[in-house]
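Notes for the structure review
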Amino acid sequence: MGIGERRTTDGFELQLGVNHLGHFALTAWLLPALLASDGARVVSVTSTGRHLGRPLDPANPHLDGRYDPWRAYGQSKLANLHFALELDRRFRAAGSPARSIVVHPGFTRTDLQARSARETGGASQRFFHAAVRRVGMTPAQGALALLRAATDPGAVGGALYTPRWVNWGPPVRRPLLGRARSREAMATLWEVSERETGIGFDLAARP
């Protein structure tokens, strides 16, 4: 989160590769099992950092010459949201009972902020590290939104679950508005993700 510019072994910008493209590929490989099961769920993890991001630019998804730590992080977290919504739309179009749900776990005391501060030494990274140590939720509390999305019988596909007070509190469903629901951005994300990973993701072609 919010780290200096680096690349994965596949040549992807690290935050996009780790936060989105790897999960895109894994979900594609697991698709036969997901479609064969009764009521499978795919839970993606976004962040309030998505508000800092912009939809993928198909001509420069890895931000070559335009890298900024928080811009890259925001792009990857917006990609998580768009992936989850588009996957759920494709599940429904294919007549599958599987659901794709997206969650924001909240401000949680894990190693995420600490590592960001260690790797960059940046002022904003140090601020978030100090803040989460003082007011962050425990990891168990932060896991509640994920657990609700994964296990609640009433959890809705294509929905966002977050802590009640944005970054703190029990998990609740939140509305998705504006560019969060941009069909154009979702279609572009899918096309770029298939191109970059070399992995097709066509539910209609699956048994």
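Residues numbered from 1 in each chain as written. Predicted model: local features only at pLDDT ≥ 70, side-chain atom pairs only at ≥ 80, totals over all residues. Heavy atoms only, no water.

This part is about the nonpolar core. Core analysis: the biggest nonpolar cluster contains 23 residues, and Leu31, Phe83, Leu87, Phe91, Trp190, Phe201 and Leu203 have the highest contact counts within it. The set of elements that each furnish at least two residues to this core consists of helix 1 (14-36), helix 2 (69-93) and helix 7 (183-197). Per-element accounting of this core gives the leading share, 8 residues, to helix 1. The residues touching Trp190, leaving out its near neighbours within four places in the chain, are Phe24, Phe83, Glu86, Leu87, Arg90 and Phe201. Leu78, Leu81, Ala180 and Met186 belong to the second-largest nonpolar core, a separate cluster that totals 9 residues. (Core = buried A, V, L, I, M, F, W, Y, C linked by side-chain atoms within 4.5 Å. Buried < 20%, exposed > 50% of the residue type's maximum accessible area, 1.4 Å probe, protein only. Helix = DSSP H or I, 4+ residues; strand = E, 2+ residues; numbered from the N terminus. Contact = heavy atoms within 4.5 Å.)

Okay, helix 2 next. When the terminal C-alpha atoms of helix 2 are compared, their 36 Å separation across 25 residues agrees well with the 36 Å that a helix rising 1.5 Å per residue should span. Burial within helix 2 is extensive, with 19 of its 25 residues counted as buried. Structurally, the start of helix 2 carries an N-cap: the backbone nitrogen of Trp70 is 3.1 Å from a side-chain oxygen of Asp68. (Expected span 1.5 Å × (residues − 1). Polar contact = N/O pair within 3.5 Å; in protein donor to acceptor, adjacent residues only side chain to side chain.)

Enumeration over the complete set of coordinates arrives at 11 salt bridges. Notably, a salt bridge pairs Glu196 with Arg195, separated by 3.0 Å at the nearest N-O pair. Judged by relative accessible area, Glu196 falls into the partly exposed class, the value being 22%. Here the residues in one salt-bridge network are Glu5, Arg7 and Asp64, joined through shared partners. (Salt bridge = Lys/Arg side-chain N within 4 Å of Asp/Glu carboxyl O.)

What follows deals with the pairing of strand 2 (residues 99-103). It is a general feature of regular strands that their side chains alternate between the two faces of the sheet. The element strand 2 is largely enclosed, with a buried count of 4 among its 5 residues. Of the strand pairs in this sheet, strand 1 (residues 41-45) and strand 2 are connected by 5 bridges, and their pairing is parallel. Residue pairing across strands places Arg41 opposite Arg99, the latter belonging to strand 2. Following the backbone out of strand 1, through helix 2 and into the adjacent parallel strand 2, one traces a crossover that is right-handed. Where strand 2 lies against strand 3 (residues 160-163), 2 bridges are found, and the strand directions are parallel. When the sheet's bridge partners are listed, Val102 is paired in strand 3 with Leu160. (Pairing = 2+ DSSP bridges. Right-handed = clockwise from strand over helix to strand, strands pointing away.)

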